[in-house]
Each structure stands twice: as structure tokens, then as C-alpha cells.
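The residues making up each chain are set out below.
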Amino acid sequence: MNIGILTSGGDCPGINATIRGVCKTAINHYGMEVFGIHSGFRGLLDKDIEPLTEKSLSGLLNLGGTILGTSREKPFKKRLSAASEDKPALMLKNIHELGLDCIVCIGGNGTQKTAAKLAQTGVNVVSVPKTIDNDVWGTDVSFGFDSAVTIATDAIDRLHSTASSHQRVMVIEVMGHKAGWIALYSGMAGGGDVILIPELPYNIHNIGNTIIERLKKGKPYSIVVVAEGIQTVDGKKAAEYIAQEIEYETGFETRETVLGYIQRGGSPTPYDRNLATRMGGHATELIATGQFGRMVSLQGAEIGSISLEEVAGKLKLVNEDHDLIVQGKRMGICFG
């Protein structure tokens, strides 16, 4: 059996470990042949592939990024005119001509949606969830999330010392357009005093009062963790807006820090290396047993799978009843 494997969407720690998990299992255990598809779904349109061997997989476990490259190509997106290129038809034609029996798609929500559509055309598809945002529906955790939380938590830890030294408020912005998982987990792990996420509304007066009350209790500095996707006014960036509003509300000197793409780069944590390896191996097992049209998922402590039809178009968001939020409120942390 010939397997094609691609990575699509944003880069993320652990992609290469997943590629390694898929390929080593396929080559060594099942005797399959594996071909790397470059630049995501664009590679299927351009027939840009290369064979992957044991030698190709050397040194991948701790390597960040993706050796296959990536893109945000969406071949099923409707074109503006009827004369536009029929990308789905071209992709199917190329898959047939390349002799690929199955496509493994590694990616986030957009990739899962495209993978589901590809499966509906009759192509054998297995997908693996990849995102630092942890918002892919159907899996408890996606690889890349732990790495991003670790990086963000380390940054928050470092901000504590400068905030304490200068007795000021520090606002740190982490990734998360629609889901606040990184802000919640890193904010709690890093000892944030205020944590703002897109799923929960906030009142700037409550935030100001929280910071003032901390000062009255002899705590002259505060750490505010915000997800980039929280609601602001006039299109202002999250950290910039919250810092300005806090200064206005409290009169306290406030500074912002935006982590940005640092959260997506570098080596994956040991947890993500192991999760990616397990997910990659299970993807190959699904192929070997003919279970196509499914996404690998972590369910509790076990690796399983779920139908791509159930996953496509859904987001896993933070619920206000999440135990970290409930416990955080009990400890006096402000969530808005």
C-alpha cells in the first residue's frame, strides 16, 4: 500500500514527530511505502511528492516545524467564476496517477474540514489533529498545545520578576482567536491574576477593581493574561487595548507583551513528542485495518478515532464550568 502524507495550516511543535510515527510504523511494521506531499494540499495539485525512507526520518522527533512544508490551500473552497480551475477534480486525478492508496492529513480545523470533503469524494483518508490552540473537536488534547502552554507559562514566569521589581501591571497576550485554552492553562500555571478568554465576556471595571484590591492587600503588581481573540474596540490588539484601559481605570503603570509566533516554534515538549508518536502510529493502524474517513483522537488516556464527518466544522471551546475556571474563581482570579 502506498501512503501519501501532508501537513496543512499553521506550523506547530510535534508535526515532524507525527510524520515519524506514521512512517516508521508503516515502513517497519506493515511494509508500506510512504510518500511525503510538499506544501499541504497544494502539493497534491502540483504532484509535488517524494518518497520517505528510514533515512528521511532521522532526527525528526525533536525537530520543530514540518519537513514537508505547509500551506493554507483550500481546494474545495468555492471559486468566484465557473471558469476557475476545478481543484478537487485535479487533486483526485493526481492522487490516482501517483498511485496513492491513502492520504494522511495532519492539521487543524480547516484541514479536518478539507479532509472530510476529500473522504466524501471516495479517497481513503485518515487525519491527525494538530494545533497549539487545542480547539479541534473530538479529541481531548491536540499535539502542540502542551508545547505552546509551556512556552507561554515560561514567559509569564519571567514577567513576574520585572512586574514585581517595578511594581507595575503586566499584560501578556497569547494566541487563541476563538478558543482560550492557551490563555487559561498558561494563565493558571503561571499565576495570572486576571485571565481573559474569547469565550467569556469581561467588564473592564471588574478588572480595574481586582487590581486595586490587590494593591490594598499589599500586592503592588499584577499579571494579566489575555487571549488574542478577546473583544476590543476600534480593532485594537488585545494586549494594547487592555493595558490602556487598565491604566485609565487604575492609574497604575501598565505594560504589554505579545508572544506571537514564538508559541508555535521550536522543539516540542516530551509530552507532545509522545502524543504525536502515538497519534502517528495509530493513524497507520487505521490504514492497515481499512478504517478510513476517521481522525485520530485522544480520549481520556487512550488513543482512538472519530468519524471525520463528526469533526468537520466544529470547534472545541472553553466552557465556563471548566474546573480550572471554577477553581480559579475560588482562588480569587478574575475572569472578567
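The rules we used
Residues numbered from 1 in each chain as written. Predicted model: local features only at pLDDT ≥ 70, side-chain atom pairs only at ≥ 80, totals over all residues. Heavy atoms only, no water. Patch = residues over 30% accessible without salt bridge, like charges linked within 9 Å, V, L, I, M, F, W, Y side chains within 5 Å. Areas by Shrake-Rupley, 256 points an atom, 1.4 Å probe, with all protein chains shown as cover. Salt bridge = Lys/Arg side-chain N within 4 Å of Asp/Glu carboxyl O. Lys, Arg positive; Asp, Glu negative; His and termini not counted. Charge placed at Lys NZ, Arg CZ, Asp CG, Glu CD. Helix = DSSP H or I, 4+ residues; strand = E, 2+ residues; numbered from the N terminus. Buried < 20%, exposed > 50% of the residue type's maximum accessible area, 1.4 Å probe, protein only. Expected span 1.5 Å × (residues − 1). Contact = heavy atoms within 4.5 Å. Pairing = 2+ DSSP bridges. Axes fitted to C-alpha atoms, helices over the stretch in contact; angles between N-to-C directions. Disulfide = S-S within 2.5 Å. Core = buried A, V, L, I, M, F, W, Y, C linked by side-chain atoms within 4.5 Å. 1 Å grid on protein atoms, 1.4 Å probe; cavity = no way out; pocket = protein on both sides within 12 Å on 5 of 7 lines; lining within 4 Å. Points joined across faces, edges and corners; volume = space filled by probe spheres on them. Nonpolar A, V, L, I, M, F, W, Y, C, P; charged D, E, K, R; others polar.

Q: Requested: an account of a positive patch on the surface, with residues and values cited.
A: On the surface, a cluster of positive charge is made up of Arg-72, Lys-74, Lys-77, Lys-78, Lys-113 and Lys-117. Relative to the helices and strands, Lys-113 is located in helix α4 (residues 109-120). According to the relative accessible area criterion, Lys-113 is partly exposed, its value standing at 43%.

Q: Can you break down α4 residue by residue, with the values?
A: In this model, α4 (twelve residues) spans 17 Å end to end at C-alpha, consistent with the 16 Å of a helix rising 1.5 Å per residue. Burial in α4 covers these residues: Thr-111, Gln-112, Thr-114, Ala-115, Ala-116 and Leu-118. Structurally, α4 contributes buried residues whose contacts are with α2 (41-46), α3 (87-98), β4 (102-107), β5 (125-129), β10 (294-299) and α10 (308-311).

Q: Which residues make up the sheet that holds strand β11 (residues 302-307), and what are the values?
A: On the basis of which strands lie adjacent, the open sheet formed by seven strands has the order β3-β2-β1-β4-β5-β10-β11 and mixed pairing. A single partner strand is all that each edge strand has here, and the edge strands are β3 (49-52) and β11. Taking each pair of neighbouring strands and ignoring which way they run, the sheet shows an average axis angle of 30°. Examined bridge by bridge, strand β2 (residues 33-37) and β3 share four bridges and lie antiparallel to one another. Residue pairing across strands places Val-34 opposite Leu-52, the latter belonging to β3. Strands in contact with helix α1 (residues 15-29) are β1 (2-7), β2, β3, β4 and β5; relative to β1, the strand with the most contacts, it is inclined by about 175°.

Q: Tell me about the environment of Glu-309, and please be specific about residues and values.
A: By the element assignment, Glu-309 lies in helix α10. For the pair Glu-309 and Lys-113, spaced 196 residues apart in the sequence, the C-alpha separation amounts to 8.4 Å.

Q: Residue-level account of helix α9 (residues 270-288), with values.
A: When the terminal C-alpha atoms of α9 are compared, their 27 Å separation across 19 residues agrees well with the 27 Å that a helix rising 1.5 Å per residue should span. Of all the positions in α9, only Asp-272, Leu-275, Ala-276, Met-279, Gly-280, Gly-281, His-282, Ala-283, Thr-284, Leu-286 and Ile-287 are classed as buried. Count one or two residues on from α9 and you reach Gly-290, which has phi positive near 70°.

Q: I'd like to hear about the state of the cysteines, residue by residue, with values.
A: As used in these notes, a disulfide is a covalent bond between sulfur atoms, one from each of two cysteines. Taken as a whole and judged by the stated rule, the model has zero disulfides. The thiol of Cys-23 is not disulfide-bonded; the next cysteine sulfur, from Cys-102, is found 12 Å away.

Q: How would you explain the nonpolar core if you had to name every residue and give the values?
A: Counting residues in hydrophobic clusters, the biggest one holds 78 residues, and the most contacted among them are Ile-5, Ile-19, Phe-143, Val-171, Val-224, Val-226 and Ile-242. Here this core takes eight residues from helix α5 (residues 145-166), the largest share from any one element. Listed in part, the 22 residues of the second largest apolar core include Leu-45, Ile-103, Val-123 and Val-136.

Q: Break down unusual backbone geometry for me, citing the residues and quoting the values.
A: Positive phi, close to 60°, is recorded for Ser-39, a residue that is not glycine. By relative accessible area, which is 22% here, Ser-39 ends up partly exposed. For Asn-134, which is not glycine, the phi dihedral falls at a positive 60°. Since its relative accessible area comes to 2%, Asn-134 is described here as buried.

Q: So what's going on with the layout of surface pockets? Which residues, and what values?
A: One number sums up the size of the largest pocket: a volume of about 1100 Å³. What lines the largest pocket is a set of 43 residues, among which Gly-10, Arg-72, Asn-109, Gly-110 and Asp-133 lie closest to the centre. Elements represented by at least two residues in the lining of the largest pocket include exactly α4 and β6 (169-174). With seven residues, the top contributor of residues to the lining of the largest pocket is α4. Split into classes, the residues belonging to the lining of the largest pocket amount to twelve nonpolar, 16 polar and 15 charged. Of the voids in this model, the second largest pocket is the one considered here, and its volume is about 190 Å³. Lining of the second largest pocket is provided by Gly-192, Asp-193, Thr-210, Glu-213, Arg-214, Lys-217, Lys-219, Met-331, Gly-332 and Ile-333. Partitioning the lining of the second largest pocket into residue classes produces two nonpolar, three polar and five charged.

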